[in-house]
Amino acid sequence: MNNSSSLEEQFNCVVEVVLADFSDIVVDVQLRFTPSGVVEKLRIFLLDESFVDVWLSTSGKYSYHWEQRHVRGLIYRHDNAPHSKWKDIKTFPKHFHDGYEDNVKESYIPDDALLAISYFLCFIRDFLKKHQRIS
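In this text, all values refer to a predicted model and were calculated from it rather than measured experimentally.

Scoring rules and cut-offs
- Residues numbered from 1 in each chain as written.
- Predicted model: local features only at pLDDT ≥ 70, side-chain atom pairs only at ≥ 80, totals over all residues.
- Heavy atoms only, no water.
- Helix = DSSP H or I, 4+ residues; strand = E, 2+ residues; numbered from the N terminus.
- Buried < 20%, exposed > 50% of the residue type's maximum accessible area, 1.4 Å probe, protein only.
- Contact = heavy atoms within 4.5 Å.
- Pairing = 2+ DSSP bridges.
- Salt bridge = Lys/Arg side-chain N within 4 Å of Asp/Glu carboxyl O.
- Core = buried A, V, L, I, M, F, W, Y, C linked by side-chain atoms within 4.5 Å.
- Phe/Tyr/Trp six-rings, centres within 6.5 Å; stacked < 30°, edge-to-face > 60°.

**Remarks on the environment of Asp 53**
1) Next: Its place among the elements puts Asp 53 in strand β3 (residues 51–56).
2) Next: Under the relative-accessibility criterion, Asp 53 is labelled buried at 4%.
3) Next: Taking the C-alpha atoms as reference points, Asp 53 and Lys 41, 12 residues apart in sequence, are found 6.7 Å from one another.
4) Next: Those residues in contact with Asp 53 that sit more than four places away from it in its chain are Lys 41, Leu 42, Arg 43, Ser 63, Tyr 64 and His 65.

**Description of the pairing of strand β2 (residues 39–46)**
1) Next: Where burial is concerned, most of β2 is hidden: six out of the eight residues are buried.
2) Next: Here strand β1 (residues 26–33) pairs with β2 via seven bridges, running antiparallel. By the bridge assignment, Gln 30 is partnered in β2 with Arg 43.
3) Next: In sequence, β1 turns back onto β2 through a hairpin of five residues, with Gly 37 there showing a positive phi of about 90°.

**Considering the pattern of salt bridges**
1) Next: According to the stated counting rule, one finds 11 salt bridges in the structure shown.
2) Next: Within this structure, Glu 67, Arg 69, Arg 77, Asp 79 and Glu 101 form a network of salt bridges that share partners.

**Digging into the environment of Asp 88**
1) Next: Looking at the secondary structure, you find Asp 88 in the loop between β5 (74–79) and β6 (95–99).
2) Next: Between the alpha carbons of Asp 88 and Glu 106 there is a distance of 9.7 Å; along the sequence they are 18 residues apart.

**Some details on the nonpolar core**
1) Next: Formed by 32 residues in total, the largest nonpolar core has its most connected members in Ile 44 and Tyr 64.
2) Next: For this core, the secondary-structure elements that each account for two or more residues are α1 (3–21), β1, β2, β3, β4 (62–68), β5 and α3 (113–130).
3) Next: The leading source of residues in this core is α3, at eight residues.
4) Next: Leave out the neighbours within four places in its chain, and Ile 44 touches Val 18, Val 26, Asp 28, Val 29, Ser 50, Phe 51, Val 52, Val 54, Ile 117 and Leu 121.

**Observations regarding the packing of aromatic side chains**
Note on aromatic pairs: each is described by the distance of the centres and the angle between the planes.
1) Next: As enumerated under the stated definition, the model contains 10 aromatic pairs in all.
2) Next: Both rings, one in Tyr 64 and one in Phe 120, keep their centres 6.5 Å apart while their planes meet at 65°; by these two values the pair is edge-to-face. Here Tyr 64, found in strand β4, pairs with Phe 120, found in helix α3; they are 56 residues apart in sequence, far enough to count as distant. Phe 120 shares its class with Tyr 64; the two are buried.
3) Next: On the basis of an interplanar angle of 5° and a centroid distance of 6.1 Å, the ring pair of Phe 120 and Phe 123 is categorised as stacked. Placement of the pair is Phe 120 and Phe 123 together in helix α3, with a separation of three residues, close to one helical turn.
4) Next: The exposure class assigned to Phe 120 is buried, which follows from its relative accessible area of 0%.
5) Next: An aromatic cluster of three or more residues is present, and its members are Tyr 62, Tyr 64, Trp 66, Tyr 76, Phe 96, Phe 120, Phe 123 and Phe 127.

**Let's talk about the sheet that holds strand β7 (residues 104–105)**
1) Next: Taken in spatial order, the seven strands of this open sheet run β1-β2-β3-β4-β5-β6-β7, and their pairing is antiparallel. One side of each edge strand has no neighbouring strand; the edge strands of this open sheet are β1 and β7.
2) Next: The sheet contact formed by β5 and β6 spans five bridges and is antiparallel. Bridge pairing links Ile 75 to Gly 99 in β6.

Purely geometric stuff here, so don't read any function into it on its own.
Structure below.
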């Protein structure tokens, strides 16, 4: 099995978890593909009109990005891009953009994609409940 097939299987497993466990906050999911047909990312549409983009790679790089600047001016993102700007973060290269691009903290998101998406969507569900977007 080649790496792109393996990556697509990983994305498909993430989709299954999202649909099975988070139907209370998820409106739709879409796999996005490169022009050559390789899965590039997963977009998860949420009930508050925001969305989550999930990027995974065969090299282990990832990003879980909750885009809500158009809804409430915020972003939340866990990623492991080794930006030298964040080298003093205890969990480097893992880091968490907490509300804004330059508000960066330690990230304790699991390395496993299935556990990571659950971790992140639980964070989002709690945020939405707190801000009365869901009951």
